[in-house]
Amino acid sequence: MPLLTNTFLNWFETQSWSDCNLLELGSGGSTLYFSKFFRSVTSYETNSEWYSELSQKVPPSVNLQKTNSIYYSLQHETINDFDVILIDCGENRANVSQILANKKYKGII
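These remarks concern the structure in this document. The structure presented is a predicted model; accordingly, all values stated were derived computationally and were not measured.

When helices and strands are tallied, the protein chain shows five helices and four strands. Tracing the protein chain from N to C terminus, the helices and strands come up as α-β-α-β-α-β-α-β-α. By the compact-globule yardstick of 13 Å for 109 residues, the protein chain fits well, its C-alpha radius of gyration being 13 Å. For the protein chain, the C-alpha atoms occupy an extent of roughly 30 × 30 × 25 Å along the three principal directions. Each of the 109 residues in the protein chain was classed as buried or not, and the buried ones make up 39%. For the protein chain, the accessible surface area stands at approximately 6,300 Å², while carbon and sulfur atoms represent 48% of it. Taken together, the 8 basic and 11 acidic charged side chains of the protein chain have centroids lying 5 Å from each other.

Given below as structure tokens:
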């Protein structure tokens, strides 16, 4: 299970996501959960141990990427290729969000 509130998950499951692509900034149980709903999930992970463990479990629709910095990787990502972005990383979320604003992201955060 993802470490998200039940209220959010209850709402989330009432929506149609099957034609959408998700960019997940921080991976985990949510990566496996969201892979069942989205057309594709691209997920960045900074923790090497967690990346190794999770990479053995993800389905083909998940592009799990190991990075040293989600902030740095996001600066080089074409973010408008994604319909939804989930900010769930341990890095400074204000800095990460500022990149989305600077790139004029038009999807759902």
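This paragraph deals with the pattern of salt bridges. Two side chains of opposite charge can pair, provided their charged atoms sit close to one another. This structure, assessed with the given rule, holds two salt bridges. One salt bridge connects Lys57 with Glu53, and the closest N-O pair in it is separated by 3.4 Å. Glu53 gets classed as partly exposed once you look at its relative accessible area, which sits at 39%. We note a salt bridge from Arg93 to Asp88, for which the minimum N-O separation is 3.8 Å. A relative accessible area of 44% places Arg93 in the partly exposed class.

Calculation notes
Residues numbered from 1 in each chain as written. Predicted model: local features only at pLDDT ≥ 70, side-chain atom pairs only at ≥ 80, totals over all residues. Heavy atoms only, no water. Helix = DSSP H or I, 4+ residues; strand = E, 2+ residues; numbered from the N terminus. Rg over C-alpha atoms; globule rule 2.2 N^0.38 Å. Buried < 20%, exposed > 50% of the residue type's maximum accessible area, 1.4 Å probe, protein only. Areas by Shrake-Rupley, 256 points an atom, 1.4 Å probe, with all protein chains shown as cover. Lys, Arg positive; Asp, Glu negative; His and termini not counted. Charge placed at Lys NZ, Arg CZ, Asp CG, Glu CD. Salt bridge = Lys/Arg side-chain N within 4 Å of Asp/Glu carboxyl O.

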